[in-house]
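Remarks on the overall topology
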There are 2 protein chains.
Amino acid sequence: MKKFLLIALVAILTNGCGVSERINIGKQGVFTVGGTVIHKEGIYDNSKFIAWDKQNETGQSYHADHAFVNYQIPVNANKFPLYFIHGYGGSGVCWEMTPDGRDGFSTLMLRKRYATYVMDLPGRGRAGRTTAENIVKPMADEMFWFDIWRIGLWPDFNEGVQFPRNPEYITQFFRELTPDLSNHNLDIPAINALADKIGGGILVTHSAAGYPGWKAAIHNNNIKGIAAYEPGGYVFPENEMPDPMESLTGTLSGIPVKMEDFKKLTQIPIVIYFGDYIPEEPSRNLGSENWRVRLQMARKFVETINKHNGKATIIELPKIGVYGNTHFLMQDLNSDVIADLLDKWLKENNLK
Amino acid sequence: MKKFLLIALVAILTNGCGVSERINIGKQGVFTVGGTVIHKEGIYDNSKFIAWDKQNETGQSYHADHAFVNYQIPVNANKFPLYFIHGYGGSGVCWEMTPDGRDGFSTLMLRKRYATYVMDLPGRGRAGRTTAENIVKPMADEMFWFDIWRIGLWPDFNEGVQFPRNPEYITQFFRELTPDLSNHNLDIPAINALADKIGGGILVTHSAAGYPGWKAAIHNNNIKGIAAYEPGGYVFPENEMPDPMESLTGTLSGIPVKMEDFKKLTQIPIVIYFGDYIPEEPSRNLGSENWRVRLQMARKFVETINKHNGKATIIELPKIGVYGNTHFLMQDLNSDVIADLLDKWLKENNLK
């Protein structure tokens, strides 16, 4: 009997209380970072009601240009949290959902005990108040994004694509698109503000957040590593610039930075992931074209970092036998594989 | 020894594995509900790239007017989930955060084992794509909201107010404001879409979501109860309309519905909560005025429901010894008390 009870006790304790599927959250919440405030001069007059959507602005304030952050800290969290920064066209939801209801990517990493901080960049999602003026109106563009993001060539899906083909799921995916109400120069300050508030962490960027990610890391010692998913842009030392690369979606040029700044990127581990359906040769396919030049410039970027004694890696998923990934790797059907790869890289680089 | 092990085993099992502070999540994620889609006629042309923010819309689609929903289902969830619907001026963050970093209200209820579904109504937060056209520009209005929501009379706080006075926390609160990009007629369909997707649940509304909440519940048997925090509007049987009530922020009128529809609201438990700083008599204070008439009409609403054999309750918190609550009771310093009261009401009404 004694032996039985002892075994039962040990089993329970080592099994994390018996259910491996659950996520044990210690703390979670939402906060804002970055931003500015406009103060209108004069004395505030609260003697008259005008309308719910019209104000006498005199003497009032308006906070703007901040980012929103959703965070979850698991029990026994790993050493560094993950700072998730989304790309163009959407919001932080890309990290928090999949079109067909599987765990979002941040949830996958939470299950591996990473604290997760998912940002809505200024002007996106909940971070709606900005200093910019915008006219917002419907513009039908979903087929364009379906193509650009290499899900297929509308209405056809890429062969073997890791995207759920049910129309309801495609609908869920398209609805992740949301307006950008910002003036577009706020991403680097927002990333810095998050890293400064929370401290040492790993930047996980997608697409257009790639370039702001490099810039933030150059100046912010709180960024201990970067995992960039199909980044949209790259920095280079001003004297080691690659040739611009032409594609059907425009010219891709490296962004010059001072050598001493570029060298900051040699001091932290960096990994770049690219998915499938990216040919080496030019074509008429806009999705292929956009990412062809970005993949090729990514290789040069990694080469340049390592030439200066850095620790950068580029993982071209088809080359390691992982096929079918679109631009939205974190939501693809094999996102668990993508998460496992990230976890492995973090461990190997002493970032876990 | 045997006795010791047995005691240890029981202690661990009954203590939920030893740490009462953790939240055990079984499943969490994000999805969209409701909405529509615009299809532009013609054949989609993907042969040319125009610009990232300009499209040839021919043959393309645009999903719009949907709502976003963040959900978390704890292990051993209670019988009914809570559907959180935010009010005017903000997004679902009002349920997920507090200005000073305490647990958000949905987290408090999650700790009590309620599954939580927090909506961004169409046109708000992540649900940015709508069929409306909007000009969005800065408008300094934060002092107005500080007053309307009864935090105080800017720059003075109400005496004993349950709001954290640190300027950084006030900043966090103001940043919850975010534009509404919708055409304003989408809230009832969104609530219905959520309740239809998930099934039986309790509607928890704030402020301007109060009226859509009553309307959704009239037609949707999936809404098993309603907890309304300082609702902005009320329905009445068309032959039992109260007199309109004048206030400095406008005339408050009941919304007429057919008797057979109103009777639906007598079939589910309903509770309405109001906070502090709401006088019985008219004044020059816009915050006092706006909620004076709404509190008084709420009493008539509850009376009318119960006159028809309903199960409605109104809780005026100062009358039960809970002082200092603003319009944002769910974020106030005593939000844990507010959560306990809701939990108690749910239990008492067999909704837990």
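Rules used throughout
- Residues numbered from 1 in each chain as written.
- Chains lettered and ligands numbered in written order.
- Predicted model: local features only at pLDDT ≥ 70, side-chain atom pairs only at ≥ 80, totals over all residues.
- Heavy atoms only, no water.
- Helix = DSSP H or I, 4+ residues; strand = E, 2+ residues; numbered from the N terminus.
- Rg over C-alpha atoms; globule rule 2.2 N^0.38 Å.
- Buried < 20%, exposed > 50% of the residue type's maximum accessible area, 1.4 Å probe, protein only.
- Areas by Shrake-Rupley, 256 points an atom, 1.4 Å probe, with all protein chains shown as cover.
- Lys, Arg positive; Asp, Glu negative; His and termini not counted.
- Charge placed at Lys NZ, Arg CZ, Asp CG, Glu CD.
- Least-squares fit on C-alpha atoms with pLDDT ≥ 70 in both.
- Salt bridge = Lys/Arg side-chain N within 4 Å of Asp/Glu carboxyl O.
- Core = buried A, V, L, I, M, F, W, Y, C linked by side-chain atoms within 4.5 Å.
- Contact = heavy atoms within 4.5 Å.
- Expected span 1.5 Å × (residues − 1).
- Polar contact = N/O pair within 3.5 Å; in protein donor to acceptor, adjacent residues only side chain to side chain.
- Pairing = 2+ DSSP bridges.
- Right-handed = clockwise from strand over helix to strand, strands pointing away.
- Axes fitted to C-alpha atoms, helices over the stretch in contact; angles between N-to-C directions.
- Parallel < 35°, antiparallel > 145°, perpendicular 65-115°, else oblique.
- Left-handed = near helix turned anticlockwise from the far one by under 90°.
- Nonpolar A, V, L, I, M, F, W, Y, C, P; charged D, E, K, R; others polar.
- Buried area = accessible area lost by both parts, 1.4 Å probe.
- pLDDT = per-residue confidence, 0-100.
- Phe/Tyr/Trp six-rings, centres within 6.5 Å; stacked < 30°, edge-to-face > 60°.
- Lys NZ or Arg CZ within 6 Å of the ring centre and 35° of its normal.

1. Brief notes about the overall build of chain A
- Tallying secondary structure elements over chain A gives ten helices and 15 strands in all.
- For 352 residues, the compact-globule estimate of 2.2 N^0.38 gives 20 Å, and chain A sits close to it at 22 Å.
- Once the C-alpha set of chain A is aligned to its principal axes, its extents read approximately 75 × 60 × 50 Å.
- The proportion of buried residues among the 352 residues of chain A is 62%.
- As presented, chain A carries roughly 13600 Å² of accessible surface, and 51% of it is formed by carbon and sulfur atoms.
- Charge separation in chain A, taken as the distance between the mean sites of 36 positive and 39 negative side-chain charges, equals 8 Å.

2. Remarks on the relation of the copies chain A and chain B
- The two copies are related by a screw operation: chain A maps onto chain B through 180 degrees of rotation and 0.0 Å of translation along the axis, at an RMSD of 0.0 Å. Expressed as a symmetry operation, the mapping of one chain copy onto the other fits a two-fold axis.

3. Digging into the pattern of salt bridges
- Under the counting rule described, the total for this entry stands at 39 salt bridges over all chains.
- Between B:Glu96 and A:Arg126 there is a salt bridge; the shortest N-O distance is 3.2 Å. Of this pair, B:Glu96 sits in helix H2 (residues 93-96) while A:Arg126 sits in the loop between strand E4 (116-120) and strand E5 (134-136), each in a different chain.
- Among the residues examined, B:Glu96 registers a relative accessible area of 11% and is labelled buried.
- Take A:Arg126: its relative accessible area is 1%, and that puts it in the buried class.
- The network of salt bridges with common partners includes A:Glu280, A:Arg299, A:Glu316 and A:Lys319.

4. Focus on the nonpolar core
- The biggest cluster of nonpolar side chains holds 94 residues, and the ones touching the most others in it are A:Phe105, A:Trp214, A:Tyr229, A:Leu265, A:Ile272, A:Tyr273 and A:Phe301.
- Per-element accounting of this core gives the leading share, nine residues, to helix H9 (residues 286-307) of chain A.
- Apart from residues no more than four positions distant in its own chain, A:Tyr229 is found in contact with A:Trp95, A:Phe105, A:Val204, A:Thr205, A:His206, A:Ser207, A:Tyr273, A:Leu329, A:Ile338 and A:Leu342.
- B:Phe80, B:Ile151, B:Val257 and B:Leu342 belong to the second largest nonpolar core, which has 92 residues in total.

5. Considerations on H9(A)
Residue and element names in this part refer to chain A.
- Taking 1.5 Å of rise per residue, 22 residues should cover 32 Å, and H9 covers 32 Å from first to last C-alpha, within 8% of that figure.
- A large share of H9 lies buried, amounting to 18 of its 22 residues.
- With a side-chain oxygen lying 2.9 Å from the backbone nitrogen of Gly287, the N-terminal cap of H9 falls on Asn285.
- Note on H9: the residue one or two positions beyond its end, Asn309, has a positive phi of about 70 degrees.

6. Points about the pairing of strand E9 (residues 223-229) of chain B
All names here are of chain B.
- Most of E9 is tucked away, with six of its seven residues classed as buried.
- Pairing geometry for strand E8 (residues 201-206) and E9, over six bridges, is parallel. Looking at E9, one finds that Ile202 is bridged to Gly225.
- In this region the chain leaves E8, passes through helix H7 (residues 210-219) and returns to the parallel neighbour E9; the handedness of that crossover is right-handed.

7. Considerations on the packing of helix H6 (residues 187-198) of chain B against H7(B)
All names here are of chain B.
- As a packed pair, H6 and H7 sit with axes 9 Å apart at the nearest point and diverge in direction by 55 degrees. When the axis of H6 is compared with that of H7, the two are oblique. In this structure, H6 crosses over H7, and the sense of that crossing is right-handed. The residues of H7 that touch H6, namely those facing Asp187, Ile188, Ile191 and Asn192, are Pro212, Gly213, Lys215 and Ala216.
- A breakdown of the residues in the contact of H6 with H7 according to their chemical character gives four nonpolar, two polar and two charged.

8. Quick look at the side chain of A:His206
Residue and element names in this part refer to chain A.
- Inspection of the secondary structure puts His206 in strand E8 (residues 201-206).
- Since its relative accessible area comes to 2%, His206 is described here as buried.
- Within the local environment of His206, its side chain forms a polar contact with the backbone oxygen of His327, the two atoms lying 2.8 Å apart.
- The contact partners of His206, leaving out residues within four places of it in the chain, are Ile85, His86, Gly87, Trp95, Tyr229, His327, Phe328 and Met330.

9. Quick look at unusual backbone geometry
Residue and element names in this part refer to chain A.
- Pro155 follows Trp154 through a cis peptide bond whose omega is 5 degrees.
- Its location among the elements puts Pro155 in the loop between strand E6 (152-153) and strand E7 (156-157).
- For Asp65, which is not glycine, the phi torsion reads 70 degrees and is therefore positive.
- Residue position: Asp65 is located in strand E2 (residues 61-74).

10. Side note on the pairing of strand E3 (residues 82-85) of chain A
Residues and elements named next belong to chain A.
- Here E3 shows two buried faces, one formed by Leu82 and Phe84 and the other by Tyr83 and Ile85.
- When E3 meets E4, the two strands line up parallel, connected through three bridges. Its bridge partner being in E4, Leu82 is matched across the sheet by Thr116.
- As paired elements, E3 and E8 share four bridges and run parallel to each other. Counterpart to Phe84 in the pairing with E8 is Val204.

11. Some details on the interface of chain A and chain B
- Across the contact, 99 residues belong to chain A and 99 residues belong to chain B.
- For the pairing of chain A and chain B, the buried interface totals around 8500 Å² over both sides, and the portion due to carbon and sulfur atoms is 54%.
- Among the residues chain A hides against chain B, the three largest losses belong to A:Trp52, A:Arg126 and A:Arg175. Together they make up 10% of the total.
- Counting the contacts that link chain A with chain B gives eight salt bridges.
- In terms of residue count, the dominant contributor to the side of chain A that touches chain B is strand E1 (residues 23-39) of chain A (14 residues).
- Broken down by class, the residue content of the side of chain A that touches chain B amounts to 44 nonpolar, 31 polar and 24 charged.
- Where E5(A) lies against strand E5 (residues 134-136) of chain B, three bridges are found, and the strand directions are antiparallel. The residue bridging A:Ile135 from the neighbouring strand is B:Ile135, located in E5(B).

12. Digging into the environment of A:Trp52
- Relative to the helices and strands, A:Trp52 resides in the loop between E1 and E2.
- On the basis of relative accessibility, which here comes to 29%, the residue A:Trp52 falls in the partly exposed class.
- For the pair A:Trp52 and A:Phe105, spaced 53 residues apart in the sequence, the C-alpha separation amounts to 39 Å.
- Residues contacting A:Trp52, with those up to four places away along its chain left out, are B:Tyr88, B:Phe144, B:Trp145, B:Ile148, B:Thr249 and B:Asn290.

13. Quick look at the confidence of the model for chain A
- For chain A, mean pLDDT is 95; residues scoring 70 or higher make up 94% of the total.
- Long-range and interchain partners of residues 14-19 of chain A, a stretch whose pLDDT sits below 50, account for three contacts in this model, where long-range means more than four residues apart.

14. Some remarks on the packing of aromatic side chains
Residues and elements named next belong to chain A.
- Counted according to the given criterion, the structure contains 62 aromatic pairs over all chains.
- Here the aromatic rings of Phe173 and Phe174 are separated by 6.2 Å at their centres, their planes lie at 50 degrees, and the arrangement is tilted.
- Given the relative accessible area of 3%, Phe173 is considered buried.
- When the ring centre of Trp291 is taken as reference, the NZ or CZ atom of Arg294 above it lies at 5.9 Å.

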